[in-house]
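Each chain is listed here by its residues.
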Amino acid sequence: MNKRRVGVIVSYVYSITQVVVNLIYVPVLLGGIGQSEYGLYQTIGSIISYLSIINSTFSAGAVRFYSKYYVLGDEEGMANTLGILKRIYRIAYIIVFAATLIFMGIVNIVYQKSFSPWELQESCLLLAVLAFNLVLTMNNTISIACITAHEEFAFLKITQLITLVLQPVLVVLFLGAAPYAITVSLAQLFCNFLCRTVQQVYARHKLGMDDRLRFLDKNLEHKIIVFSGGIILAVIADQIYWKTDQLILGYMYGTAAVAVYSVGSQIVNAYQPLGLAVSSVFLPKVSELWYGKHDMNALSELFVKVSRIALYPMLAVLLGFIIFGRDFIRLWAGDGYELAYWVTVFELVPFTVDLSQNIGLTILQVINKYDFRAKVYFVAAVLNIVLTIVLAQRFGIVGAAVSSGVAMIASSGLILNWYYQMRIGLDMASWWKSVVRECIPMIALCVVGVFAWHFFQGCGWDGLITGLIIWGVAFLLVSYYLCANDYEKHLVSGIVKKVFRRG
């Protein structure tokens, strides 16, 4: 339990640091490499992300099966899980490099009219570097599975935190000499290599990770592949949902439009860890409840408890952005990025529901029901493509954001909640009642904030920071006195007492 609490705290520190780094990093990139290079970097990143499907697919299987055998105390099963995954990844490496060569040809054909000759050349270099970076990430999957199963969340997040801070520092140092997107990719590759090395050494020598294949367990290999088959559709859907908009906009309007859209997307990306910080440390606990006790009531209670806690920081950011977002983007990214505000709002609002229920996806993975989520999200992703093509032609980048929001509401807000209630047995009616009571006072506070800030719009950083501080204090007071239940108040008071006792 202590490891999970420490893990949650470190995860939040990581999430907050990620937000701060992005706040500094994006303007540095925009100023250092320019709008076109930044748009190119985001476009090629969207393409290479489709190859990351391979890693996301089998990394979920690695954590799921390794955690299962760890809970059961089956050392042979743990070793065979990692050994089988190493076999699978050897084939995956070949697929990644072959696909990268194919993507290089496709980019030169599809973007020949919208990209300059230099942008086409740099695109090929970016694809090569990002593909090699992906291979390093895949190679480290088994180490992360071991660290997660042992609930060493603090170490995992601290290493990721150091990498998060180190990368922009290196980029700033080298952008002066080489102000190109490829410089950013090389810095990312170097940081990933350091992080991978440290995590692998820790897993082997501290946790005793054994990835030697004792014998080829065909049954286990089949289970991993079948489970991964359910995951892969969901990962493909995620990639289509989050990355295709940028590819379509790049084809229709060029790299400048992608850059504006990506500013909004960067805020959404920075927002995402706030929802994952709590749920990401509960996979071992969910495995324990399912494989050890098979207690659905306890899972429902865990779902509500974790979701409510995850929702507080997300609502603070979401509602705060609705109030201050226009001025923030103007000061942060500069002129010409005003539409990024609406991109962010139309994506964040439905995404908040999805993120707050992220513990549900962990439950689906553990009980091997993830394939339904995959099918729903794939349909939503296809819907998003169709709507983006239609709406982007008429409304530009805002139309693309609206299409993403509509697809998210249909999938996460409606269909997936129905499945949790009717097929899994989670008490979603209680969840919605609890969350609505939690949100109403905060939404009312946001309405007051919108009207109040109307008289101060157009101010500088000093005024914006002052407004954010006032908003933060008001949000904390309303959350504690009008929204928090007894468990959450007890949790907060316990943390406060410990802090003052140590002080």
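Residues numbered from 1 in each chain as written. Predicted model: local features only at pLDDT ≥ 70, side-chain atom pairs only at ≥ 80, totals over all residues. Heavy atoms only, no water.

Thoughts on the overall build of the protein
1) Next: When helices and strands are tallied, the protein shows 18 helices and zero strands.
2) Next: In terms of C-alpha radius of gyration, the protein reaches 23 Å, essentially the compact-globule figure of 23 Å for 503 residues.
3) Next: With respect to the three principal axes, the spread of C-alpha positions in the protein is 60 × 60 × 45 Å.
4) Next: Every one of the 503 residues in the protein was classed for burial, and the buried ones make up 55%.
5) Next: For the protein, the exposed surface amounts to about 22200 Å²; the carbon and sulfur share of it is 68%.
6) Next: Of the side chains in the protein, 36 bear a positive and 28 a negative charge, and the two mean positions are spaced by 6 Å. (Helix = DSSP H or I, 4+ residues; strand = E, 2+ residues; numbered from the N terminus. Rg over C-alpha atoms; globule rule 2.2 N^0.38 Å. Buried < 20%, exposed > 50% of the residue type's maximum accessible area, 1.4 Å probe, protein only. Areas by Shrake-Rupley, 256 points an atom, 1.4 Å probe, with all protein chains shown as cover. Lys, Arg positive; Asp, Glu negative; His and termini not counted. Charge placed at Lys NZ, Arg CZ, Asp CG, Glu CD.)

Comments concerning the packing of helix α4 (residues 117-139) against helix α7 (residues 181-205)
1) Next: Between α4 and α7, the shortest axis-to-axis distance is 9 Å and the interhelical angle comes to 10°. Looking at the two axes, α4 sits roughly parallel to α7. Across from Glu122, Leu125, Leu126, Val129, Leu130, Phe132, Asn133, Leu136, Thr137 and Asn139 in α4, the residues of α7 making contact are Ala181, Ile182, Ser185, Leu186, Gln188, Leu189, Asn192, Phe193, Arg196 and Gln200.
2) Next: Among the residues forming the contact of α4 with α7, the class breakdown is 11 nonpolar, seven polar and two charged. (Axes fitted to C-alpha atoms, helices over the stretch in contact; angles between N-to-C directions. Parallel < 35°, antiparallel > 145°, perpendicular 65-115°, else oblique. Contact = heavy atoms within 4.5 Å. Nonpolar A, V, L, I, M, F, W, Y, C, P; charged D, E, K, R; others polar.)

Examining the layout of surface pockets
1) Next: The volume enclosed by the second largest pocket comes to roughly 310 Å³.
2) Next: For the second largest pocket, the lining is made up of 17 residues, of which Leu315, Thr352, Val353, Cys439 and Ile443 are closest to its centre.
3) Next: Counting residues per element, the ones that place at least two in the lining of the second largest pocket are α11 (296-333), α12 (340-356) and α16 (428-453).
4) Next: Broken down by element, the residue count for the lining of the second largest pocket peaks at eight residues, all from α16.
5) Next: Residue classes in the lining of the second largest pocket are distributed as 15 nonpolar, two polar and no charged. (1 Å grid on protein atoms, 1.4 Å probe; cavity = no way out; pocket = protein on both sides within 12 Å on 5 of 7 lines; lining within 4 Å. Points joined across faces, edges and corners; volume = space filled by probe spheres on them.)

Notes on the confidence of the model for the protein
1) Next: On average, residues of the protein score 83 in pLDDT, and 91% of them reach the 70 mark or higher.
2) Next: Within the protein, helix α10 (residues 283-293) has the poorest average pLDDT of any element, 70, and helix α17 (residues 461-483) the best, 94. (pLDDT = per-residue confidence, 0-100.)

Quick notes on the packing of aromatic side chains
1) Next: Summed over the entire model, instances satisfying the criterion amount to 16 aromatic pairs.
2) Next: Consider the rings of Trp431 and Trp432, whose centres lie 4.8 Å apart with planes at 90°: the pair is edge-to-face.
3) Next: Using a relative accessible area of 1% as the deciding quantity, one classes Trp431 as buried.
4) Next: For Trp432, a relative accessible area of 33% gives the class partly exposed.
5) Next: Note on Trp471 and Phe475: the rings are 5.7 Å apart at their centroids and 45° apart in plane angle, and the pair reads as tilted. Highlighted residues: Trp471 and Phe475, both in helix α17, separated by four residues, approximately one helical turn.
6) Next: On the basis of relative accessibility, which here comes to 9%, the residue Trp471 falls in the buried class.
7) Next: A relative accessible area of 5% means that Phe475 is categorised as buried.
8) Next: The lysine or arginine in question, Lys489, covers the ring of Tyr480, its NZ or CZ lying 5.7 Å from the ring centre. (Phe/Tyr/Trp six-rings, centres within 6.5 Å; stacked < 30°, edge-to-face > 60°. Lys NZ or Arg CZ within 6 Å of the ring centre and 35° of its normal.)

Side note on the environment of Leu170
1) Next: Inspection of the secondary structure assignment puts Leu170 in helix α6 (residues 153-175).
2) Next: Since its relative accessible area comes to 14%, Leu170 is described here as buried.
3) Next: Leaving out residues up to four positions away in the same chain, Leu170 has contacts with Ala187, Phe190 and Cys191.

Some words on α16
1) Next: Over its 26 residues, α16 extends 36 Å from the first C-alpha to the last, a length consistent with the 38 Å expected when each residue adds 1.5 Å.
2) Next: Largest kink in α16: about 30°, centred on Cys439, with the proline Pro441 one to four residues after it.
3) Next: Of all the positions in α16, only Met428, Trp431, Ser434, Val435, Glu438, Cys439, Pro441, Met442, Leu445, Cys446, Gly449 and Trp453 are classed as buried. (Expected span 1.5 Å × (residues − 1). Bend = angle between axes of the 7 residues up to and from the residue.)

Some remarks on the pattern of salt bridges
1) Next: Under the criterion given, the structure shown has eight salt bridges.
2) Next: Close ionic contact of Glu221 with Arg87 constitutes a salt bridge, the shortest N to O distance being 3.5 Å. Linking Glu221 in helix α8 (residues 218-253) with Arg87 in helix α3 (residues 75-110), this pair joins segments that are 134 residues apart in sequence.
3) Next: Two residues, Asp327 and Arg330, come together in a salt bridge whose shortest N-O distance is 2.8 Å. You can see Asp327 and its partner Arg330 sitting in helix α11, three residues apart, about one turn around the helix.
4) Next: The class of Arg330 is partly exposed, set by a relative accessible area of 30%.
5) Next: A single network of salt bridges, built from pairs that share partners, joins Lys86, Arg204 and Asp211. (Salt bridge = Lys/Arg side-chain N within 4 Å of Asp/Glu carboxyl O.)

Describing the side chain of Glu119
1) Next: For Glu119, the location among the structural elements is in helix α4.
2) Next: If sequence neighbours within four positions are ignored, Glu119 has contacts with Ser36, Leu40, Ser114 and Thr255.

Examining the environment of Ala400
1) Next: Note that Ala400 resides in helix α15 (residues 397-424).
2) Next: Under the relative-accessibility criterion, Ala400 is labelled buried at 0%.
3) Next: Residues Ala400 and Thr100 lie 300 residues apart in sequence; the distance between their C-alpha atoms is 27 Å.
4) Next: Discounting residues that sit within four places of it in the chain, Ala400 has contacts with Asp245, Leu249, Tyr261, Asn384, Thr388 and Ala392.

Focus: helix α14 (residues 370-395)
1) Next: The end-to-end C-alpha separation of α14 is 35 Å, in line with the 38 Å expected for 26 residues at 1.5 Å each.
2) Next: Of all the bends in α14, the greatest, near 25°, is centred on Thr388.
3) Next: Those residues of α14 not exposed but buried are Tyr370, Phe372, Arg373, Ala374, Val376, Tyr377, Ala380, Ala381, Asn384, Thr388 and Ala392.
4) Next: One or two positions beyond α14, positive phi appears at Gly396, with a value near 70°.

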